[in-house]
Amino acid sequence: MLLWLAITELLQKFKMKSWPSSTNNSVRCSFQGLLQRAAMDTILAVTFGSDLNTLGAAGEDEGSRFAAAVDDASEFTLLCYVNPFWKAMRLLNVGPEAALRERVKVIDEFVYRRIRARSEELKAAAQPEGLVARKDMLSRFMEAASTTDGGPAGTAAAVDYKYLRDIVLSVVIAGKDTSVEALAWFFYMACKHPRVQERVYREVGEATRAGDDASVDEFARSLTDEALGKMHYLHAALTETLRLYPALPLNNKECFSDDVLPDGFSVGKGDVVFYVPYAMGRMEYLWGTDAEVFRPERWLDDDGEFQQESPFKFTAFQAGPRICLGKEFAYRQMKVLAAVLLRFFVFSQRNEEANVNYRATVTLLIEHGLHLKATPR
Ligand code: HEM
């Protein structure tokens, strides 16, 4: 069903004659849009060491243009699944393929400009390790590449720019939307279940021991690893959200060789197998008769400590050797944002009766964004 909806939506886009940029998206001003920009700032800080502040910008800045180009490029790439003529369109440089080329140019310029700047810094540094004082991913990869290649630090031979672009972009793309969408669904659940907000509020107060009169900055500084580790209920509530609203609602894998699945079903080399975390998270067979109910307590033991489930049962992050590499980062990012917001505000939906729907894209978006009221505590 999700796949069908995704295809229908893409087909509709495909019928459009123009290819608007995501910067014009009305979702930008919703709570989900704000979270998206906050997450973009975080992921760009981690990958490139740049503080672009897309959150504070009006939408026409370099960071926002890059973010919009990444969004558009993912959608245009997905169109290839339903457009049998995409190769011809690419050759002729028309339609969505021409738009895709334009967006890739914006992305490449953004990334290569940063790689070149970092390479200059690396050349200028007396020691190649000097760059590691900068803790971002790009600097670390460049430092590692220049050391292992044995070439003079920062030379073109020592650092393959395309390799760096691909590796850093894959992290940006994997981490840009997923935790944001999970957080948006978490806040939707928190509005539908106000007791969750109160319990998280109490828990973050106890875990951080920041006084009642702490400012936002003071409180944010008190969110140490140790404090975040004590937030078992918040961890459970985020995990329960991902069980019901997995950021990647369905996923597919191709068989390398003939095999037999654990239930006895035979698959052949080249077969494509889909698994559907959205459906698996709601199966009574796996989660009991209250599978459809949002109940964070199901993840806590008698002492209130969070209990992991097998990743083959809770599949939101996938399982096995290709399990999400950013899982711990994602939890940390979601916990920090949720803790700060719930410590200072009580959230409710602008229209309290409204139920939101999902929009099936590659990730599970809230259709038309999430519109909330935030009341200071
Ligand atoms: C709630 C948030 C997140 C969820 C639910 C999630 C889920 C997933 C899933 C299902 C995959 C497997 C995709 C596939 O193989 O088809 C994956 C892969 C990956 N994720 Fe995440 N992700 C999240 C956040 C993040 C973040 C924040 C980062 C980066 C900082 C990240 C980095 C990655 C990377 C690099 C891979 C590729 C791993 C590989 O192929 O070996 N993820 N993620």
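Residues numbered from 1 in each chain as written. Predicted model: local features only at pLDDT ≥ 70, side-chain atom pairs only at ≥ 80, totals over all residues.

If you check an unreviewed UniProt entry, the protein chain appears there as Cytochrome P450 from Paspalum notatum var. saurae. Its UniProt record gives the protein chain the following Cofactor (unreviewed entry) comment, quoted word for word: "heme". (UniProt positions renumbered as here; feature names shortened; annotations may be inferred.)

Undergrad: I'd like to hear about the overall build of the protein chain, residue by residue, with values.
TA: Scanning the protein chain for helices and strands turns up 15 helices and eight strands. Counting across all 377 residues of the protein chain, residues that qualify as buried make up 33%. For the protein chain, the share of sequence-separated contacts (at least 6 apart) that also reach a separation of at least 24 residues comes to 67%. (Helix = DSSP H or I, 4+ residues; strand = E, 2+ residues; numbered from the N terminus. Buried ≥ 20, exposed ≤ 12 C-beta atoms within 10 Å, placed from the backbone. Contact = placed C-beta atoms within 7 Å.)

Undergrad: How would you summarise the site of the ligand if you had to cite specific residues and measurements?
TA: With respect to spatial proximity, 20 residues lie near the ligand, and among them Ala-174, Gly-175, Thr-178, Cys-324 and Gly-326 are the closest. Broken down by element, the shell around the ligand gets its largest block of residues, four residues, from helix H7 (residues 161-176). Split by residue class, the shell around the ligand holds 12 nonpolar, seven polar and one charged. No fewer than three residues from each of domain 1 (2-176) and domain 2 (179-376) sit in the shell around the ligand. (Near = placed C-beta within 6 Å. Nonpolar A, V, L, I, M, F, W, Y, C, P; charged D, E, K, R; others polar. Domains from an automatic or database assignment.)

Undergrad: Give me the lowdown on helix H12 (residues 232-244), citing residues and values where you can.
TA: Its 13 residues give H12 an end-to-end C-alpha distance of 19 Å, which sits within 8% of 18 Å, the value for a rise of 1.5 Å per residue. Taken together, the buried positions of H12 are Tyr-233, Leu-234, His-235, Ala-236, Ala-237, Leu-238, Thr-239, Glu-240, Thr-241, Leu-242 and Arg-243. Of the surrounding secondary structure, the elements contacted by the buried residues of H12 are helix H8 (178-192), helix H9 (194-208) and helix H15 (327-344). (Expected span 1.5 Å × (residues − 1).)

Undergrad: Give me the nonpolar core: which residues, what numbers.
TA: Across soluble globular proteins, nonpolar side chains have a tendency to be buried as a group. Within the largest apolar cluster, 67 residues are counted, with the highest numbers of intra-cluster contacts made by Leu-183, Ala-184, Phe-186, Phe-187, Leu-234 and Ala-338. Per-element tally for this core: the top contributor is H8, with 10 residues. Mapping this core onto the domain boundaries places at least three of its residues in each of domain 1 (2-176) and domain 2 (179-376). Beyond its immediate chain neighbours, meaning those up to four positions away, Ala-338 contacts Leu-183, Phe-186, Val-200 and Leu-234. (Core = buried A, V, L, I, M, F, W, Y, C linked by C-beta atoms within 7 Å.)

Undergrad: Got a sec to walk through the UniProt feature "binding site: heme" (unreviewed entry) in the protein chain? Specific residues and values, please.
TA: According to UniProt, the "binding site: heme" (unreviewed entry) feature falls on Cys-324. Tracing the backbone through its elements, the reader meets Cys-324 in the loop between helix H14 (284-287) and H15. Once you skip the residues sitting within four places of it in the chain, Cys-324 turns out to touch Phe-317 and Gln-318.

Undergrad: Before we move on, could you go through the packing of H8 against H12 and cite the residues and values that matter?
TA: At a minimum axis distance of 9 Å, the contact between H8 and H12 shows a crossing angle of 105 degrees. If you check the angle between H8 and H12, you find them roughly perpendicular. On the side of H8, the interface is formed by Ala-182, Trp-185, Phe-186 and Met-189, while H12 contributes Ala-237, Leu-238, Thr-241 and Leu-242. Tallied by class, residues from the contact of H8 with H12 come to seven nonpolar, one polar and no charged. (Axes fitted to C-alpha atoms, helices over the stretch in contact; angles between N-to-C directions. Parallel < 35°, antiparallel > 145°, perpendicular 65-115°, else oblique.)

Undergrad: Which residues make up the packing of H8 against H15, and what are the values?
TA: Between H8 and H15, the shortest axis-to-axis distance is 10 Å and the interhelical angle comes to 40 degrees. One way to sum up the angle between H8 and H15 is to call them oblique. Where H8 crosses over H15, the two elements pack in a sense that is right-handed. Contacts between H8 and H15 pair Thr-178, Ser-179, Ala-182, Leu-183 and Phe-186 from the former with Ala-330, Gln-333, Met-334, Leu-337 and Ala-338 from the latter. Of the residues that constitute the contact of H8 with H15, the class distribution is seven nonpolar, three polar and no charged. (Left-handed = near helix turned anticlockwise from the far one by under 90°.)

Undergrad: Which residues make up the confidence of the model for the protein chain, and what values go with them?
TA: The share of residues in the protein chain with pLDDT of 70 or more is 84%, and the mean pLDDT across the chain is 84. Least confident of the elements in the protein chain is helix H1 (residues 2-15), whose mean pLDDT is 43; most confident is H12, at 98. Predicted confidence for residues 1-28 stays below pLDDT 50, and this span has 35 contacts to residues more than four positions away or in other chains. Across residues 150-157 the pLDDT falls below 50, and counting only partners more than four positions away or on other chains, this stretch makes 15 contacts in the model. Two summary scores accompany this predicted model of the complex, namely pTM at 0.84 and ipTM at 0.98. (pLDDT = per-residue confidence, 0-100.)

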